[in-house]
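# Working through the structure, step by step
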Amino acid sequence: MFKADLRAIRFTLYEHLKVQQLFELDAFSHLAREECDAVIDQCVRFAAEVTGPLSAPGDRAGCRVEDGRVVTPPGFREAWRTLFELGFLSFTMPVKAGGFGGPRAIGVVLSELQSGANTAFNMYPGLTHGAADLLEAFGSPRDHERFLAPMLEGRFAGTMCLTEPHAGSDVGATRTRARHLEGDVYAITGTKCFISSGDHDLTENIVHLVLARIDGAPPGTKGLSLFIVPKVWVEEGGALGGANDVATASIEHKLGIRASATATLTFGDDGRCRGILVGGRPHEGMRQMFRMMNGARIAVGVQGIAVASTAYLNALAYARERLQGSSVRHFKDPNAPRVPIIEHADVRRMLLEMKAKVEGMRTLAVKLALHADLAAALAATDEGRAAYHEGQVDLLTPVVKAYCADQAFRVAELAIQTYGGAGYVEDHPVEQYLRDAKIFSIYEGTNHIQALDLVSRKLSSRGGENLTAFLTEIGEFVARHGARPGLAAEIGALGAAAAALQRASGALLEFFTSGRLDQVTLVATPFLEIMAEVTIAHLLLDAALVAEARRVEAEGDHHQEDADFYRGKVMAAKFYVNFVLPGVHAKLAAIVGGDRSALDIPDAGFSTAR
Amino acid sequence: MKILVAIKQVPDTATQVKVGGDGKSIDTAGITWIVSPYDEYAVEEALRIKEKRGQGEVVAISLGPDRVREALRSCLAMGCDRAIHLNDAAWSAVDTLATARALAAVVTQEAPQLVLCGRQAIDDDMGAVTAQLAELLGWPCAYWIMEEAVDADGKTVRAARQVEGGLEVFDLPLPAVLAAQKGLNEPRYPTLKGIMGAKKKEIKDVKAADLGLGAEPAQLAVLGLEALPPRPPGRIIEGDVPSAVKELVRALREDAKAI
Ligand SMILES: Cc1cc2nc3c(=O)[nH]c(=O)nc-3n(C[C@H](O)[C@H](O)[C@H](O)COP(=O)(O)OP(=O)(O)OC[C@H]3O[C@@H](n4cnc5c(N)ncnc54)[C@H](O)[C@@H]3O)c2cc1C
């Protein structure tokens, strides 16, 4: 069953990261915390009452193709309708586009709640939101009228179509073609595969955003353009026309998110498929699509947090109830009373690891979103600070995507381990969480593609200033709080880990300058992990300082439950620093050690078996 | 048609309620507050009456401390037009009769044609205020309403009330007081538009003096609250099915004296 910890979420939003600071800025002054809380409350209710109960049945039913059309599991259509009546998808949309202009920092929490309740269902509105956001940014007023407005009403859905059988990680290999017809209209031909929400029965129309190459355009990503390819043609003025020659060839049968249709689509089989060039600008496709991809990368990280959170909370509930074994204190007494497994040290270790990771990742995602909100809000008044915040968004996007994706799977695995055999069977939700979580490290650019993005682009962008600003923030934190009683050792360990990160980036630079690019790509993934673990440790410790002060207050007021909540925050930070963070030194050793075995082993050396 | 809905803010059903330090009230630390579910049916029904008639006004009203604004705000988010908050230290220890008196004073001022309430608040389950309010106003009243229909002229309301095995149907001349039962409707979720629009709607703060009421000694005093004793553990009967059934029947007959 879907579970959410609103107390922990509110702590991160308001007590720790103080997102209420946004309401003081012009860009968000039309909102107040009270409303944001009401929106979050309704979102929890929607998630728990409407989409949550459809998650396990949706997983079992899956999607099927009937007469060339994808049929979604029972209940999805009604849930879709309710979702759009409520309007969560418009929360972060600008007011001028008909949205509510809400902060992304709150938007992250809304999407966490929705993805946690039903990861597969939320793919449909999630992609619609991403596509709508792209059209809002780059579409012409006519595109807005014809496509964006019906998407925000839930009458049309959206997709992103990059992948082709020969173009997965290598988007530049795209073969789908566009031939100019008239104005902004082009004839589209090609095949896209693995398209999430590629077809379904939730809406009267689907707006595919398709990357294609205009005839005569240069090869590689530079020659790609982005097209609006509706499933059903939309006339000027908005009336639906005829079918637009987009066919669903098949859907995948897969490990997880089974209720989310993953389709192979063919465009222009009969030569009648038309696409509209987004914003009327050729060869801008990659830049335009990157807006959706960056949004989607953060959204995938948030999917990870979502699944990890509900997996953790379910494991915690089970650990409190399941009686097994007796306390280690009575190990000699066979008649000692049975205890709930939460009393066993190893179970507590797993629970605290899950808690620390879930809460650390959530903090990272909200902080990233807060950077994005501040960048947008300050753009007009304070260019320097806006650039700083924008730089942090760039730097942290691959970290959020890759780390949260990987850790979602690890946390789901720990959740199953906490349950024991019960976790492996369908009676409990955690086995589905594990299956659903695996995709996060693959789509939206595999995690390795994220690591390459980090080491080859993000570290050096703006002359390396983003990383410098990031390390400076941690350095100042360590200097300021390094003597805090109770947390001094952990804050010192963070300083050492940040130094390790700096040395690792120095090693990368050396590989780059000495032309050892293969060495860079070999260690990009462990480098990203170091960066992520330093980031999370910093945020958890920062939260712990806030929590420690609150704990003292709560104890003074005899609010035991509150005091325990805050104590839990401090313990989570300490645990992460002492049990997880030391790994950065092992990874650093591997990076600077320069071992080339994985590069030099002959292909046949892996095995001579055929 | 003007409709007044009286609502109460109560601890969320999922909250683990603890007895407070004084032994007479609950410890409110860490409680999540909600609009009492039966009252939500009342709000929903009022909104539906207004929507069906195409015109009218729905006013939410509640008595309680500052935190109650949040509950009124969520009624506004559902679609109520405005709200009245009876918020005064004089009402800090009210009993049901004093609550009904305060509500009656507002009803007299506002002069709605219909007052809707929940059949009871889920905190102390007293279920007395609605009847007391109707009595003070001298208006007809029906409880446990499963269906209602206001006639076209707004002169009477036909209300069906839940009774053992069926419905009992009444015609009440308006103005009247109705108390909603679960099943009357399915309350809507507030939409984002509703939530964002709620802050532009008025919540009027009303003091006892505004209604010409003073502090009144409570006629009902809580002497003490006690937590329920923990439920004894269940029993699992072991063995093959025929002998387990035999043992179950014996236990139900002899130990539990249930059959
Ligand atoms: C359920 C699901 C939903 C999806 N939804 C969408 C969607 O909505 N829209 C869409 O466009 N696509 C979608 N995809 C496709 C997804 O984005 C691709 O699967 C992903 O980009 C990887 O491409 P690939 O599968 O071709 O793997 P490949 O690119 O063949 O990669 C295989 C392995 O090689 C590694 N690799 C590849 N290139 C390099 C390199 N240059 N250097 C080092 N390592 C490399 C990869 O990291 C990976 O480990 C979806 C996929 C799935 C499974």
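Counting starts from 1 at the beginning of each chain's written sequence and moves along it residue by residue. Following the order in which they are written, the chains are lettered starting with A and the ligands numbered starting with 1. Only residues with pLDDT of at least 70 get local features here, since the model is predicted, and only at 80 or more are side-chain atom pairs given and counted; chain-wide, interface and lining totals rely on the full set of residues.

## Section: the overall build of chain B
Helix and strand assignments follow DSSP, with helices taken as H or I runs no shorter than four residues and strands as E runs no shorter than two, numbered in order from the N terminus. Helix and strand counts for chain B come out as six helices and 11 strands. A principal-axis box enclosing the C-alpha atoms of chain B has dimensions of 70 × 45 × 40 Å. A burial count over chain B gives 36% of its 259 residues as buried. Taking the contacts inside chain B whose residues are at least 6 apart along the sequence as the reference set, 68% of them involve residues at least 24 apart. Residues with at least 20 neighbouring C-beta atoms inside 10 Å of their own are called buried, those with 12 or fewer are called exposed, and the rest are partly exposed, where every C-beta is derived from the backbone. Once C-beta atoms have been placed from the backbone, residue pairs whose C-beta atoms lie within 7 Å are recorded as contacts.

## Here we look at the overall build of chain A
Along the backbone of chain A there are 20 helices and 14 strands. Its C-alpha radius of gyration of 25 Å places chain A within 12% of the 25 Å reference for a compact globule of 610 residues. The dimensions of chain A, computed from C-alpha atoms along their principal axes, are 80 × 65 × 55 Å. The 610 residues of chain A split such that 53% are buried. Restricting the calculation to C-alpha atoms gives the radius of gyration, and the globule rule supplies 2.2 Å times the number of residues raised to the power 0.38.

## Some details on the nonpolar core
Membership of the largest hydrophobic core comes to 267 residues, with the highest contact counts inside it found for Phe227, Ala412 and Ala415 of chain A together with Val5 of chain B. By residue number, the principal contributor to this core is helix 16 (residues 517-556) of chain A, which donates 20 residues. Beyond its immediate stretch of four places on either side in the chain, Phe227 of chain A contacts Ala178, Tyr186, Ile188, Val210, Ala212, Gly275, Ile276, Leu277 and Val278 of chain A. We call a set of buried Ala, Val, Leu, Ile, Met, Phe, Trp, Tyr and Cys residues a nonpolar core when their C-beta atoms link them within 7 Å.

## Section: the interface of chain A and chain B
Contacts between chain A and chain B engage 18 residues on the former and 13 residues on the latter. At the level of elements, helix 2 (33-51), helix 4 (76-86) and helix 17 (560-580) of chain A are the ones that each hand at least two residues to the side of chain A that touches chain B. For this classification, Asp, Glu, Lys and Arg are treated as charged, while Ala, Val, Leu, Ile, Met, Phe, Trp, Tyr, Cys and Pro are nonpolar and the rest, including Gly, are polar. Of the residues belonging to the side of chain A that touches chain B, the class tally is eight nonpolar, four polar and six charged.

## Here's the deal with the packing of helix 5 (residues 104-117) of chain A against helix 9 (residues 345-378) of chain A
As a packed pair, helix 5 of chain A and helix 9 of chain A sit with axes 7 Å apart at the nearest point and diverge in direction by 145 degrees. Here helix 5 of chain A contributes Arg104, Ala105, Gly107 and Val108 of chain A to the contact with helix 9 of chain A, which in turn contributes Ala365, Val366, Ala369, Leu370, Ala372 and Asp373 of chain A. Axes, fitted as lines to C-alpha atoms, cover a helix only where it is in contact. Angles between the N-to-C directions of the axes lie from 0 to 180 degrees.

## Some remarks on the sheet that holds strand 10 (residues 176-180) of chain B
All names here are of chain B. For two strands to be treated as a pair, DSSP must find at least two bridges joining them. Spatially, the nine strands line up as an open sheet ordered 9-8-7-10-6-1-4-5-11, and their pairing is mixed. Two strands bound the open sheet, and with one partner strand each, they are strand 9 (166-173) and strand 11 (203-206). Shown here is a sheet whose adjacent strand axes are inclined to one another by a mean of 35 degrees, direction ignored. Bridge count between strand 5 (residues 82-86) and strand 11: four bridges; the pairing is parallel. Counterpart to Ile84 in the pairing with strand 11 is Lys204. Each of strand 1 (2-6), strand 4 (57-63), strand 6 (114-118), strand 7 (141-150) and strand 10 touches helix 1 (residues 37-53); the most contacted strand, strand 6, lies at about 150 degrees to it.

## Details of the confidence of the model for chain B
Of the residues in chain B, 100% reach a pLDDT of 70 or more, and the chain-wide mean stands at 93. In the model output, the complex is listed with pTM 0.92 alongside ipTM 0.84. Scored from 0 to 100, pLDDT records how confident the predictor is in each individual residue.

## Quick word on the packing of helix 6 (residues 119-138) of chain A against helix 8 (residues 285-321) of chain A
Residues and elements named next belong to chain A. The geometry of helix 6 relative to helix 8 is characterised by a closest axis approach of 9 Å and an angle of 150 degrees between their N-to-C directions. Taken as axis vectors, helix 6 and helix 8 run roughly antiparallel relative to one another. The hand of the helix 6/helix 8 crossing is right-handed. Along the contact surface, helix 6 presents Thr119, Gly126, Gly130, Ala131, Asp133, Leu134, Ala137 and Phe138, while helix 8 presents Gln288, Arg291, Met292, Gly295, Ala296, Ala299, Gln303, Ala306 and Val307. For the contact of helix 6 with helix 8, the class distribution of residues is nine nonpolar, six polar and two charged. Throughout, the term roughly parallel applies to angles under 35 degrees, roughly antiparallel to angles over 145, roughly perpendicular to angles from 65 to 115, and oblique to all others. Crossings are classed by handedness, with left-handed meaning an anticlockwise turn of the near helix from the far one by less than a right angle and right-handed meaning a clockwise turn.

## So, the site of the ligand
All names here are of chain A. Nearness is defined per residue: the C-beta atom, placed using the backbone, must lie within 6 Å of the molecule or strand. Around the ligand, 18 residues are found, and the nearest of them are Leu162, Thr163, Gly168, Ser169 and Ser196. Secondary-structure elements contributing two or more residues to the shell around the ligand are strand 3 (156-161), strand 5 (185-196) and helix 13 (447-458). With three residues, strand 5 is the largest single contributor of residues to the shell around the ligand. In terms of residue class, the shell around the ligand is built from nine nonpolar, eight polar and one charged.

## Points about unusual backbone geometry
Put simply, Leu174 of chain B and Pro175 of chain B share a cis peptide bond, and its omega is 5 degrees. Along the chain, Pro175 of chain B falls in the loop between strand 9 and strand 10. Unusually for a residue other than glycine, Phe194 of chain A sits at a positive phi of about 60 degrees. Tracing the backbone shows Phe194 of chain A in strand 5. Here Ile257 of chain A, not a glycine, exhibits a phi torsion of approximately 30 degrees, which is positive. Along the chain, Ile257 of chain A falls in the loop between strand 10 (246-251) and strand 11 (262-267).

## Let's talk about the pairing of strand 9 (residues 240-243) of chain A
All names here are of chain A. Pairing of strand 8 (residues 232-234) with strand 9, which is carried by two bridges, proceeds in the antiparallel orientation. Of the residues in strand 9, the one forming a bridge with Val232 is Ala243. Once strand 8 ends, the chain turns through five residues before running back antiparallel as strand 9, passing Gly237 with a positive phi of about 95 degrees.

## A short note on the environment of Asp542 of chain A
Residue and element names in this part refer to chain A. Among the structural elements, Asp542 can be located in helix 16. Accessibility expressed as a C-beta count within 10 Å gives 21 for Asp542, which makes it buried. It is 36 Å that separates the C-alpha atoms of Asp542 and Thr513, two residues lying 29 residues apart in sequence.

## A look at helix 3 (residues 96-110) of chain B
Since there are 3.6 residues in each turn of an α-helix, residues three or four apart along the chain are aligned in direction. All names here are of chain B. Here a helix's expected span is defined as the number of its residues, less one, multiplied by 1.5 Å. Taking 1.5 Å per residue, 15 residues should reach 21 Å; helix 3 reaches 21 Å between its end C-alpha atoms and fits that length. Every buried residue of helix 3 is listed here: Thr96, Ala98, Thr99, Ala100, Ala102, Leu103, Ala104, Val106 and Val107. One or two residues past the end of helix 3 sits Ala111, with phi positive at roughly 50 degrees.

## Re helix 16 of chain A
With 40 residues, helix 16 of chain A extends 58 Å from end C-alpha to end C-alpha; this agrees with the ideal 58 Å at 1.5 Å per step. Along helix 16 of chain A, the largest kink reaches about 45 degrees and is centred on Ala524 of chain A; proline Pro526 of chain A follows within four residues of it. Working definition for bend: take the seven residues up to and ending at a residue and the seven starting at it, fit an axis to each, and measure the angle between the axes.

## Things to note about the environment of Asp603 of chain A
Residues and elements named next belong to chain A. Topologically, Asp603 is positioned in helix 20 (residues 603-606). Using a count of 6 C-beta atoms within 10 Å as the deciding quantity, one classes Asp603 as exposed. Placed 267 residues apart in sequence, Asp603 and Ala336 show a C-alpha to C-alpha distance of 57 Å.

## What to know about the pairing of strand 11 of chain A
Residue and element names in this part refer to chain A. Counting buried residues in strand 11 gives five out of six residues, a clear majority hidden from the surface. Across five bridges, the pairing between strand 5 and strand 11 is antiparallel. Across the sheet, residue Thr191 finds its bridge partner in strand 11, namely Thr266.

## Thoughts on the environment of Gly495 of chain A
Residues and elements named next belong to chain A. Looking at the secondary structure, you find Gly495 in helix 15 (residues 488-513). Judged by local crowding, Gly495 falls into the partly exposed class, with 16 C-beta atoms found within 10 Å. Sequence separation between Gly495 and Arg484 is 11 residues; the distance between their C-alpha atoms is 14 Å. Sequence-distant contacts of Gly495, that is, excluding residues within four places in its chain, are made with Val478 and Gly482.

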